[in-house]
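# Structural description and commentary
Below are the chains, spelled out letter by letter.
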Amino acid sequence: DAGVIQSPRHEVTEMGQEVTLRCKPISGHDYLFWYRQTMMRGLELLIYFNNNVPIDDSGMPEDRFSAKMPNASFSTLKIQPSEPRDSAVYFCASSPGAGGYTFGSGTRLTVV
Amino acid sequence: SQQGEEDPQALSIQEGENATMNCSYKTSINNLQWYRQNSGRGLVHLILIRSNEREKHSGRLRVTLDTSKKSSSLLITASRAADTASYFCATDAREDDGSEKLVFGKGTKLTVNP
């Protein structure tokens, strides 16, 4: 298995633009998580899905952030409009449950 | 929200010494996990200890868990310069609806000097 695949690896965008981050979880994993990592706040859980259904989105900073999981093999995290304070590394992780989390390599987002 | 709190925030030691990092948490957990992150890289899973376990070993790593004190420690023995990284504890808790989520602490930055 190729692991959790995130794209793009790096994204630089201008303030106000829409940004879409993508994640392909490991096949057979029922859980998918989106995290954001910054120096100030560390690793924050934004949202997670179980069997493609969003379970807890209380970590999503505001309405500019949205996440979808249209099927078991794909998820997106969208920021519209983007702001400089959204600059961070965004990680996707998947798990079959009962531990065993695998993280992707992350997307480094810079909003200028 | 942060669940685990690592201590210390930063640790600098000499190669060959042991490194101990501690983690405290607040709620009941299914398991506790330790991850490593090299600068600018992704997270790598190191070890998982379940709530009914007290100690676990993996190579030079030793993890303890005290659920009565809601704390865990990660010991790296005979440290090497390549162990330089940030180390995070993460708690895996079951929600009321039966789902699970992993919540991270802020990490300990370990520097091993050659």
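Here's what I pulled together on the structure shown here.

The next subject is the state of the cysteines. According to the stated counting rule, one finds 2 disulfides over all chains in the structure shown. A sulfur-sulfur distance of 1.9 Å marks the disulfide that ties cysteine 23 of chain A to cysteine 92 of chain A. The disulfide joining cysteine 23 of chain A to cysteine 92 of chain A has a torsion of about -65° about its S-S bond and is therefore left-handed. In this pair, cysteine 23 of chain A sits in strand E3 (residues 19-24) while cysteine 92 of chain A sits in strand E9 (residues 88-95), placing the two residues 69 residues apart along the sequence. For cysteine 92 of chain A, a relative accessible area of 0% translates into the label buried. For cysteine 23 of chain B, the disulfide goes to cysteine 89 of chain B, at an S-S distance of 1.9 Å. Residues cysteine 23 of chain B and cysteine 89 of chain B are joined through a disulfide that is right-handed, its torsion about the S-S bond being 60°. One end of the pair, cysteine 23 of chain B, is in strand E3 (residues 19-24); the other, cysteine 89 of chain B, is in strand E9 (residues 85-94), and 66 residues separate them in sequence. Since its relative accessible area comes to 2%, cysteine 23 of chain B is described here as buried.

Next up on the list: the environment of glycine 107 of chain B. Residue and element names in this part refer to chain B. Structurally, glycine 107 can be placed in the loop between strand E10 (100-104) and strand E11 (108-113). C-alpha separation for the pair glycine 107 and cysteine 23, spaced 84 residues apart in sequence, amounts to 8.8 Å. Setting aside residues no more than four positions away along its own chain, glycine 107 makes contact with Glu6, Pro8, Gln9, Tyr87 and Phe88.

With that out of the way, let us pick up the interface of chain A and chain B. Between chain A and chain B, the contact holds 22 residues from the first and 24 residues from the second. Contact with chain B buries surface across chain A, with Leu43, Tyr101 and Phe103 of chain A losing the most and accounting together for 33% of the total. Inspection of the region where chain A meets chain B yields 0 salt bridges. Summed over the shared surface of chain A and chain B, the result is 3 residue pairs in polar contact (both at pLDDT 80 or more). Secondary-structure elements contributing two or more residues to the side of chain A that touches chain B are strand E4 (31-38), strand E5 (42-50) and strand E6 (53-56) of chain A. Looking at the side of chain A that touches chain B, its residues break down into 12 nonpolar, 7 polar and 3 charged.

Definitions and cut-offs
- In this numbering scheme, every chain counts its residues from 1 along its sequence in written order.
- Going through the entries in the order they are written, you letter the chains from A and number the ligands from 1.
- Predicted model: local features are reported for residues with pLDDT of at least 70 only, side-chain atom pairs are reported and counted for 80 or more only, and whole-chain, interface and lining totals are derived from all residues.
- Note: side-chain values were computed over all heavy atoms of the structure, leaving out hydrogens and water.
- When the sulfur atoms of two cysteines come within 2.5 Å, that pair is taken as a disulfide.
- The helix count covers DSSP runs of H or I at least four residues long, the strand count covers runs of E at least two residues long, and both are numbered beginning at the N terminus.
- Accessibility here uses a 1.4 Å probe with only protein chains present; expressed as a share of the type maximum, an area under 20% marks a residue as buried, one over 50% as exposed, and anything in between as partly exposed.
- We call two residues contacting when some pair of their heavy atoms lies within 4.5 Å.
- When two parts are put together, the accessible area they lose, computed with a 1.4 Å probe and summed over both, is reported as buried area.
- What counts as a salt bridge is simple: a side-chain nitrogen of Lys or Arg found within 4 Å of a carboxyl oxygen of Asp or Glu.
- Polar contact criterion, stated in full: a pair of N or O atoms within 3.5 Å, where within protein one must be able to donate a hydrogen and the other to accept it, and residues adjacent in sequence count only if both atoms are side-chain atoms.
- Side-chain classes are defined by residue name, with Ala, Val, Leu, Ile, Met, Phe, Trp, Tyr, Cys and Pro counting as nonpolar, Asp, Glu, Lys and Arg as charged, and the others, Gly among them, as polar.

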